[in-house]
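A closer look at the structure
This is what each chain is made of:
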Amino acid sequence: MNIDLSIFTNYAPQLFLGFWMTIKIVVGAIILSLPFGLVLALGRRSRLKLVRVLTTSFIEIFRNTPFIIQVFMFFYVLPFYGLHLPAAYVGIVALAAFGSAYFAEVIRGGINAVAKGQLESARATGMSDWKAMRFVILPQTLPIILPAMTNQTLSLVKESAVLSTITVSELTMAAIKVQGETFRPFEAFIMIALMYWALNETIATIMRRLERKVSSRSNSGRASGIARADPAVKDD
Amino acid sequence: MKFDLTYTLDALPRLLDGSLVTLKLALLGFTFSVVLATIVTVARTVSKSQIFGAIIAVYISFIRGTPILVQIFLVYYVLPIIGLNIGPITAGIVALTLNSAAFIIEILRGGLASVSKGQFEAARSLGLSGFALWVKVILPQTFMASIPPLVNEFTQLLKATALLSTITVVELMRVSQQIYSNNYHPIEVLTGAFVMYFLMCFAVSRSASWLEATFEVKRA
């Protein structure tokens, strides 16, 4: 097997366009799924049973089915209800729905890891539930959930490859096209594999820096001797 | 146009067949990857070779850093080029195995770390060595400690089998695509497949505590 290096140079612009599309899709999905994931996480703690059942079902359904079938469902269901979006937007919506279910579980794990006494004492000082959550609990969960959030972000980057099946022109789609034009699948796919790998390693490095910053900041303001909550966030 | 349940019901027998294929693929992939990951874990611990460790680390990083869809394409399109003419099913299982093994190596590393050093020393002082030491003492404890993440990995694998539809493996996803390309009712058919995936994954992910209880009893 000989490797044709000219493919790397000839088709680089095409692949980088796809790469840029992948980044845009993932960023869009994260922007949508973070607030929605927070709402879902809080919904699972709601006093209303209906809200709990609805949010829990949403989370479990999206966590227990393959992303590819979710994508196809969105692709066919949205037009069914009269919502005709371009494939890329369908992809962002699907990725956001999928991501928010996972983000919700991470946030919930973080909230549970912050000691229960924190909520009780915040309530005892006269804070409302919402205020206690906003000013006492959630800021403390941040350093705990960051590593798991990073993992979820990386998995969104990877899952975005599935959007090529509904013709979104992201990185994997670009490689499929290059492969179709050149009949050189190895060069096409190994190149995008390296691009995904580089992207994920970059995100991981940046997030590790951020984690160190956040955890050192939250530690400095803490009286010594207080045990840190165990970051036992399930990573999946 | 409205949701017509008869299309879901009509598709049900074929979807069930597809689910069986999906389960088979996942079980085969999981079995192979557990075996591969166990061998690698033991070899890495016993040999202490830095080169071997580095190769495994790069392999794990590559698998974890790239989409499984791309890995499937790589295996499917590249193995024939180097002279291995394998069908989509074999390619799919190979891709799933290579992917899952990387994650299971990491899981087993965690499980192995939870086995105390005293277990090695005690087993050695009883005269156990090599094969017996690992198979009778260390690995059972490693796997016991790894049941929840292993179950989680199995659901990930089960979900990943759906991606094999892109390389023409006729599993649940592909079956539903075949059905709706004939009857033009994608929503009804996909809903059926969706529910089946959910039932399979949900059942598996709930089985972790049951498995732990089962194996706990056997050990006593």
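Everything quoted here is computed from the prediction, not taken from an experiment.

A few words on the overall build of chain A. Scanning chain A from terminus to terminus reveals nine helices and zero strands. Listing the helices and strands of chain A from first to last along the sequence gives α-α-α-α-α-α-α-α-α. By principal-axis analysis of the C-alpha atoms, chain A measures approximately 70 × 45 × 25 Å.

When helices and strands are counted, chain B shows eight helices and zero strands. Secondary structure elements of chain B occur, N-terminal to C-terminal, as α-α-α-α-α-α-α-α. If one aligns the C-alpha atoms of chain B with their principal axes, the spans along those axes are about 75 × 45 × 25 Å. Within chain B, buried positions represent 40% of all 220 residues. Counted over contacts in chain B with a minimum sequence separation of 6, partners at least 24 positions apart contribute 78%.

What follows covers the interface of chain A and chain B. Contacts between the two partners involve 29 residues from chain A and, on the opposite side, 28 residues from chain B. Put simply, the parts of the chain that give the side of chain A that touches chain B at least two residues each are helix 3 (49-63), helix 4 (67-80) and helix 9 (185-220) of chain A. Top element by residues in the side of chain A that touches chain B is helix 9 of chain A. It accounts for 10 residues. Its residues assigned to classes, the side of chain A that touches chain B shows 20 nonpolar, five polar and four charged.

Moving on: unusual backbone geometry. One non-glycine residue, threonine 167 of chain A, lies in positive phi territory at about 65 degrees. In this fold, threonine 167 of chain A is placed in the loop between helix 7 (129-159) and helix 8 (171-182).

This brings us to helix 3 of chain A. Residue and element names in this part refer to chain A. If you check helix 3, its first and last C-alpha atoms are 21 Å apart, about what 15 residues at 1.5 Å a residue would give, namely 21 Å. Taken together, the buried positions of helix 3 are occupied by Thr55, Ile59 and Phe62. Taken end-on, helix 3 shows its buried residues confined to a sector of 75 degrees, consistent with a single buried face. Exposed and oriented more than 90 degrees from the buried face of helix 3 are Lys49, Leu50 and Ser57. Taken together, the buried residues of helix 3 touch helix 2 (12-43), helix 4 and helix 5 (87-113).

Attention now moves to the environment of leucine 138 of chain A. All names here are of chain A. Within the fold, leucine 138 resides in helix 7. Overall, the presence of 18 C-beta atoms within 10 Å leaves leucine 138 in the partly exposed class. Spatially, the C-alpha atoms of leucine 138 and isoleucine 107 are 8.8 Å apart, while their sequence positions differ by 31 residues.

Residues with a pLDDT of 70 or more make up 98% of chain B, whose mean pLDDT is 92. Across the whole predicted complex the pTM is 0.90, and at the interface the ipTM reaches 0.91.

Here we come to helix 8 of chain A. Over its 12 residues, helix 8 of chain A runs 16 Å from end to end, which matches the ideal 16 Å to within 8%, given 1.5 Å per residue. When helix 8 of chain A is considered as a whole, its buried residues turn out to be Leu171, Thr172, Met173, Ala174, Ala175, Ile176, Val178 and Gln179 of chain A.

Moving on to the nonpolar core. Counting residues in each nonpolar core, the largest one holds 111 residues, and the members touching the most others are Ile69 and Ile192 of chain A together with Ala193 of chain B. Element by element, the count of residues in this core is highest for helix 5 of chain A, at 14 residues. The contacts of isoleucine 69 of chain A, once residues within four sequence positions are left out, are Ala162, Met173, Leu190, Ala193, Phe194 and Tyr197 of chain B.

Rules and cut-offs
- Residues numbered from 1 in each chain as written.
- Chains lettered and ligands numbered in written order.
- Predicted model: local features only at pLDDT ≥ 70, side-chain atom pairs only at ≥ 80, totals over all residues.
- Helix = DSSP H or I, 4+ residues; strand = E, 2+ residues; numbered from the N terminus.
- Buried ≥ 20, exposed ≤ 12 C-beta atoms within 10 Å, placed from the backbone.
- Contact = placed C-beta atoms within 7 Å.
- Nonpolar A, V, L, I, M, F, W, Y, C, P; charged D, E, K, R; others polar.
- Expected span 1.5 Å × (residues − 1).
- Arc of directions from axis to C-beta.
- pLDDT = per-residue confidence, 0-100.
- Core = buried A, V, L, I, M, F, W, Y, C linked by C-beta atoms within 7 Å.

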